[in-house]
Amino acid sequence: MTADSQASANSPGKIWRIKIFTATWLSYAGFYFCRKAFGIVKPELKNTYSFDDLELAQIWSAYLVAYMLGQFLASQLGRRYACRVLLLVGMGVSLLANIGIGAVIGAGPQAYWALIAFMIINGFAQATGWPGNVGLLAKWTRHSERGRLMAWWGTCYQIGSILAKHFAAIMLSLLGLSWSFWGASLVLLGIWLLFYFWGKEEPEDVGLSPFVEEVPVSAEDAGGEQDRIPPWNEALRIVWAMGLLYFCFKFLRYALDSWSPMLLQESFPDLDVATAGHLSTAFDWIGFLGVIAAGYLSDKVFKSYRTPVIFWMSVGTLICTFLLYVFGGTNLVLFVAFLGLIGFMMMGPDSLLSGTAAMDVSSKEMAVVVTGIINGLGSIGPVVQELVIGYLKTKYGPEMVFLLLVFIAALAVVGTGVLWRYARRHRLAL
């Protein structure tokens, strides 16, 4: 049975690919349910349970640091264990950690160290999510279709984030603080059970032929017309470069996710907190469209090359951040419009670098390693932005924050331009 025939309508291959897509999409969206609750309950923790801002920041920073370090650990574990095993263990530990958080959080500041411990455990568990799922998908997808498929699959981290926030808020209002975490654990438990039955490691496990036929070309043959997968020593250098670029995009994404509601309210004092929060979601909703557009452009317009799309959308990100810096503070409509456009332009490169391009630069067996390294380096960005933006905002005001975003976007343009040029010169399938 060929890869094309087993992917035809109603064939076992097509049915299993739908199951894999569904199981992995739900897996990563489910991770978000056990990640986003803490941000939603922060006001409740401060106003009712006597936590101060510094304690809340330290608790969340413990999670972010563990998550970043966990990416590198997951990339190494991916060499020894199947992606399926990583994900089942990661989801299981994460839902148990959230049960623990829900059990102790009502004690207030006395639970500080227990919360730090559970956040660290959860951070390492959550770190298996992205590399594990991308590594598994790499074994079920072909190079020519990955842009489109991963565009739709990548919606899991936008939709998952939005649904997780709403769910945590509903649980908080209906059942109380602890159920924001316990309810999330129940959701992830249901997904864990489905993944156990549907999340198969590779086509051969269910009697199918491999979908991915990789024929790496040696460096000596690179002068021909055939695009190549670079040998591992060369790929590793490219992967580290991609990770440093991903730092820029993850810095921007987490900065706007974390600070845009406050920047909106401070730029337009007549806005109430709730309205500022709702308007800030323009970044997520329009960014969702950017992920899909980037995937289709890379497959259909640029013939499965990712670096041209990454570069041109990085240029778009720079232009939009500059316009936000210059005009955003003068008009509410312009602020929200530019915020949405930044989301559109930035989310495309963000998803391609951490997903599709990570698959393309390596073999299917090493995709989990590559993705862990890229996401690990990128995950330094959220930690840094929280500290740097907090300092700049306190000492110099919002304008300096907007200028910082322009600077980070400019770095991304330079870096993605160099990456595109390298890929073209060396005829990489990237």
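So, how was this worked out
- Residues numbered from 1 in each chain as written.
- Predicted model: local features only at pLDDT ≥ 70, side-chain atom pairs only at ≥ 80, totals over all residues.
- Heavy atoms only, no water.
- Helix = DSSP H or I, 4+ residues; strand = E, 2+ residues; numbered from the N terminus.
- Rg over C-alpha atoms; globule rule 2.2 N^0.38 Å.
- Buried < 20%, exposed > 50% of the residue type's maximum accessible area, 1.4 Å probe, protein only.
- Areas by Shrake-Rupley, 256 points an atom, 1.4 Å probe, with all protein chains shown as cover.
- Axes fitted to C-alpha atoms, helices over the stretch in contact; angles between N-to-C directions.
- Parallel < 35°, antiparallel > 145°, perpendicular 65-115°, else oblique.
- Contact = heavy atoms within 4.5 Å.
- Nonpolar A, V, L, I, M, F, W, Y, C, P; charged D, E, K, R; others polar.
- Phe/Tyr/Trp six-rings, centres within 6.5 Å; stacked < 30°, edge-to-face > 60°.
- Expected span 1.5 Å × (residues − 1).
- Polar contact = N/O pair within 3.5 Å; in protein donor to acceptor, adjacent residues only side chain to side chain.
- pLDDT = per-residue confidence, 0-100.
- Disulfide = S-S within 2.5 Å.
- Core = buried A, V, L, I, M, F, W, Y, C linked by side-chain atoms within 4.5 Å.

Caption draft 1: View of the overall build of the protein. Across its full length, the protein carries 18 helices and zero strands. In summary, the protein has a C-alpha radius of gyration of 21 Å against a globular reference of 22 Å for 430 residues, a match within 12%. With respect to the principal axes defined by its C-alpha atoms, the protein has extents near 65 × 45 × 35 Å. When burial is assessed residue by residue, the protein has 55% of its 430 residues classed as buried. As presented, the protein carries roughly 17600 Å² of accessible surface, and 67% of it is formed by carbon and sulfur atoms.

Caption draft 2: Seen up close, unusual backbone geometry. Unusually for a residue other than glycine, Ser50 sits at a positive phi of about 70 degrees. For Ser50, the location among the structural elements is in the loop between α3 (37-47) and α4 (53-80). The phi angle at Arg427 is positive, at roughly 55 degrees, despite the residue not being glycine. You can see Arg427 is positioned in the segment after α18 (398-425). Note on Arg427: relative accessible area 31%, which makes it partly exposed.

Caption draft 3: A look at the packing of helix α2 (residues 12-33) against helix α8 (residues 146-153). With their axes 10 Å apart at the nearest point, α2 and α8 run at an angle of 45 degrees to one another. Considering their axes alone, α2 and α8 lie oblique with respect to each other. The segment α2 lies against α8, with Phe21, Thr24, Trp25 and Tyr28 engaging Leu149, Trp152 and Trp153. When grouped by side-chain class, the residues that make up the contact of α2 with α8 number six nonpolar, one polar and no charged.

Caption draft 4: Molecular detail of the packing of aromatic side chains. Inspection of every chain in the model, using the stated rule, returns 21 aromatic pairs. When the centroid spacing of 4.6 Å and the interplanar angle of 10 degrees are considered together, the rings of Trp60 and Tyr63 count as stacked. Taken together, the positions of Trp60 and Tyr63, both in helix α4 and three residues apart, correspond to about one turn of that helix. Taken individually, Trp60 and Tyr63 each receive the classification buried, so the pair is uniform in this respect.

Caption draft 5: Highlighting helix α9 (residues 156-175). For α9, with 20 residues, the first-to-last C-alpha span of 26 Å sits near the 28 Å given by 1.5 Å per residue. Residues of α9 that are buried: Cys156, Tyr157, Gln158, Gly160, Ser161, Ile162, Ala164, Ala168 and Met171. Gly176 occupies a position one or two residues after α9 and carries a positive phi of about 105 degrees.

Caption draft 6: Here's a closer look at the side chain of Ser27. Here Ser27 is to be found in helix α2. Since its relative accessible area comes to 0%, Ser27 is described here as buried. Those residues within four positions of Ser27 in sequence are excluded, and the remaining contacts are Leu87, Met91, Asn133, Ile191 and Phe195.

Caption draft 7: Looking closely at the environment of Lys250. If you trace the backbone, Lys250 turns up in helix α11 (residues 232-267). Here Lys250 falls in the buried class, since its relative accessible area comes to 2%. Once you skip the residues sitting within four places of it in the chain, Lys250 turns out to touch Tyr67, Asp350, Asn375, Gly378, Ser379 and Pro382. Polar contacts involving the side chain of Lys250 include one to the side chain of Asn375, which spans 2.9 Å.

Caption draft 8: Broad picture of the confidence of the model for the protein. A residue-level look at the protein finds 92% of positions with pLDDT of 70 or above and a mean pLDDT of 86. Note on residues 1-7: pLDDT under 50 across the span, and 20 contacts to partners over four residues away in sequence or across chains. Here residues 215-225 is modelled with pLDDT under 50, and outside its nearest four sequence neighbours on either side it reaches 14 contacts, counting other chains as well.

Caption draft 9: Just the state of the cysteines, in detail. In the structure shown here, the tally under the stated rule is zero disulfides. Cysteine Cys156 shares no disulfide, and the gap to the nearest cysteine sulfur, in Cys34, comes to 15 Å. By relative accessible area, which is 0% here, Cys156 ends up buried. You can see Cys248 has no disulfide; the closest cysteine sulfur is in Cys320, sitting 17 Å from it.

Caption draft 10: Structural detail: the packing of helix α17 (residues 380-396) against α18. Running from N to C, α17 and α18 point in directions that differ by 140 degrees, and their axes come no closer than 7 Å. Classified by the interaxial angle, the pair formed by α17 and α18 is oblique. Touching Val388, Ile389, Leu392, Lys393 and Tyr396 of α17 are Met400, Val401 and Leu404, all from α18. Per-class residue counts for the contact of α17 with α18 are seven nonpolar, no polar and one charged.

Caption draft 11: Region of the structure containing the nonpolar core. One finds Tyr28 and Trp153 to be the most contacted residues of the largest nonpolar core, which totals 116 residues. No other element matches α11, which puts 14 residues into this core. What Tyr28 contacts, discounting residues up to four positions off in sequence, is Arg35, Tyr67, Gly129, Trp130, Asn133, Trp153, Cys156 and Tyr157.

Caption draft 12: Representation of the environment of Ile101 within the structure. Following the sequence through the fold, Ile101 ends up in helix α5 (residues 83-104). On the basis of relative accessible area, Ile101 is assigned to the buried category, the value being 1%. Sequence spacing of Ile101 and Glu386 is 285 residues, and the spatial spacing of their C-alpha atoms is 23 Å. Dropping the residues within four chain positions of it, Ile101 is found in contact with Leu115, Phe118, Met119 and Phe181.

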